[in-house]
Amino acid sequence: MSGQTLTDRIAAAQYSVTGSAVARAVCKATTHEVMGPKKKHLDYLIQATNETNVNIPQMADTLFERATNSSWVVVFKALVTTHHLMVHGNERFIQYLASRNTLFNLSNFLDKSGSH
C-alpha cells in the first residue's frame, strides 16, 4: 500500500478540527505508508516536547493508541517515533514514559493487515 490511506487522512482531519496539532503530527508520523516517519513530523514533535504548554501525557497516549493499531506499519512507526522522541526530545517525555512503564505492552499484537 502506498500513499496515505483514507483512514489516515480522516484521522488527521479530525485532530485538526479538535485543535490538537500534536495529535495530528503523531497521526501523520504514523501513517499506513510503508516508509519511515517524515522528518518534518518528527521535528515538530521534538520541538513540541520542549514547549511548556504541550501536554506530554496526551502525546504519549496518542502514540500508545497508534501502537495498538492492527497494522504492523502503524505500530512500527509509532515505536520508531517514540524512540526518536526519547533520543532527541525533552527529558520530560522520557520521565513520563518511565512513570507509565506498561504503556507499550505489545505482547498481544497480531498483524491483521494481511500484508507480509
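That block above? That's the structure.
Residues numbered from 1 in each chain as written. Predicted model: local features only at pLDDT ≥ 70, side-chain atom pairs only at ≥ 80, totals over all residues. Heavy atoms only, no water.

### Topic: the nonpolar core
Turning to step 1, where the next piece is worked out: Val-22, Leu-45, Met-59, Leu-85 and Phe-93 are the most contacted members of the largest nonpolar core, which has 16 residues in total.
Turning to step 2, where the next piece is worked out: At the level of secondary structure, the elements contributing two or more residues to this core comprise helix H2 (21-29), helix H3 (39-49), helix H4 (56-67) and helix H6 (91-99).
Turning to step 3, where the next piece is worked out: The contacts of Met-59, once residues within four sequence positions are left out, are Val-22, Val-26, Leu-45, Ala-48, Thr-49, Val-54, Leu-85 and Phe-93. (Core = buried A, V, L, I, M, F, W, Y, C linked by side-chain atoms within 4.5 Å. Buried < 20%, exposed > 50% of the residue type's maximum accessible area, 1.4 Å probe, protein only. Helix = DSSP H or I, 4+ residues; strand = E, 2+ residues; numbered from the N terminus. Contact = heavy atoms within 4.5 Å.)

### Re the packing of H2 against H3
Turning to step 1, where the next piece is worked out: One can describe the packing of H2 onto H3 by two numbers: an axis separation of 9 Å at closest approach and a directional angle of 145 degrees. The handedness of the crossing between H2 and H3 is left-handed. Contact residues: Ala-21, Val-22, Ala-25, Val-26, Lys-28 and Ala-29 in H2; His-41, Tyr-44, Leu-45 and Ala-48 in H3.
Turning to step 2, where the next piece is worked out: When grouped by side-chain class, the residues that make up the contact of H2 with H3 number eight nonpolar, one polar and one charged. (Axes fitted to C-alpha atoms, helices over the stretch in contact; angles between N-to-C directions. Left-handed = near helix turned anticlockwise from the far one by under 90°. Nonpolar A, V, L, I, M, F, W, Y, C, P; charged D, E, K, R; others polar.)

### Section: helix H5 (residues 72-88)
Turning to step 1, where the next piece is worked out: Helix length check: H5, at 17 residues, gives a terminal C-alpha distance of 24 Å against a target of 24 Å (1.5 Å per residue), a fit within 8%.
Turning to step 2, where the next piece is worked out: When H5 is considered as a whole, its buried residues turn out to be Val-73, Val-74, Val-75, Lys-77, Ala-78, Thr-81, Thr-82 and Leu-85.
Turning to step 3, where the next piece is worked out: Contact partners of the buried residues in H5: H2, H3, H4 and H6. (Expected span 1.5 Å × (residues − 1).)

### A short note on a nonpolar patch on the surface
Turning to step 1, where the next piece is worked out: On the surface, Val-34, Trp-72 and Phe-76 cluster together into a nonpolar patch covering about 310 Å² of accessible area.
Turning to step 2, where the next piece is worked out: For Phe-76, the location among the structural elements is in helix H5. (Patch = residues over 30% accessible without salt bridge, like charges linked within 9 Å, V, L, I, M, F, W, Y side chains within 5 Å. Areas by Shrake-Rupley, 256 points an atom, 1.4 Å probe, with all protein chains shown as cover. Salt bridge = Lys/Arg side-chain N within 4 Å of Asp/Glu carboxyl O.)

### Notes on the pattern of salt bridges
Turning to step 1, where the next piece is worked out: Summed over the entire model, instances satisfying the criterion amount to two salt bridges.
Turning to step 2, where the next piece is worked out: Lys-39 is the partner of Asp-43 in a salt bridge, and the nearest nitrogen-oxygen pair spans 2.6 Å. With Asp-43 and Lys-39 both in helix H3 and four residues apart, this pair spans about one turn of that helix.
Turning to step 3, where the next piece is worked out: Here Asp-43 falls in the partly exposed class, since its relative accessible area comes to 34%.
Turning to step 4, where the next piece is worked out: Among the ionic pairs, Arg-100 bridges to Asp-61, the shortest N-O distance being 3.1 Å. Of this pair, Arg-100 sits in the segment after H6 while Asp-61 sits in helix H4; the two residues are 39 residues apart in sequence, bridging distant segments of the chain.

### Remarks on H2
Turning to step 1, where the next piece is worked out: Within H2, seven of the nine residues are buried, which leaves the element mostly enclosed by the surrounding structure.
Turning to step 2, where the next piece is worked out: What H2 keeps buried is the set Val-22, Ala-23, Ala-25, Val-26, Cys-27, Lys-28 and Ala-29.

### What about the environment of Ser-20?
Turning to step 1, where the next piece is worked out: Checked against the element boundaries, Ser-20 lands in the loop between helix H1 (6-18) and H2.
Turning to step 2, where the next piece is worked out: Along the chain, Ser-20 and Met-59 lie 39 residues apart, while their C-alpha atoms are 9.8 Å from each other.
Turning to step 3, where the next piece is worked out: There is a polar contact of 3.2 Å between the side chain of Ser-20 and the backbone nitrogen of Ala-23. (Polar contact = N/O pair within 3.5 Å; in protein donor to acceptor, adjacent residues only side chain to side chain.)

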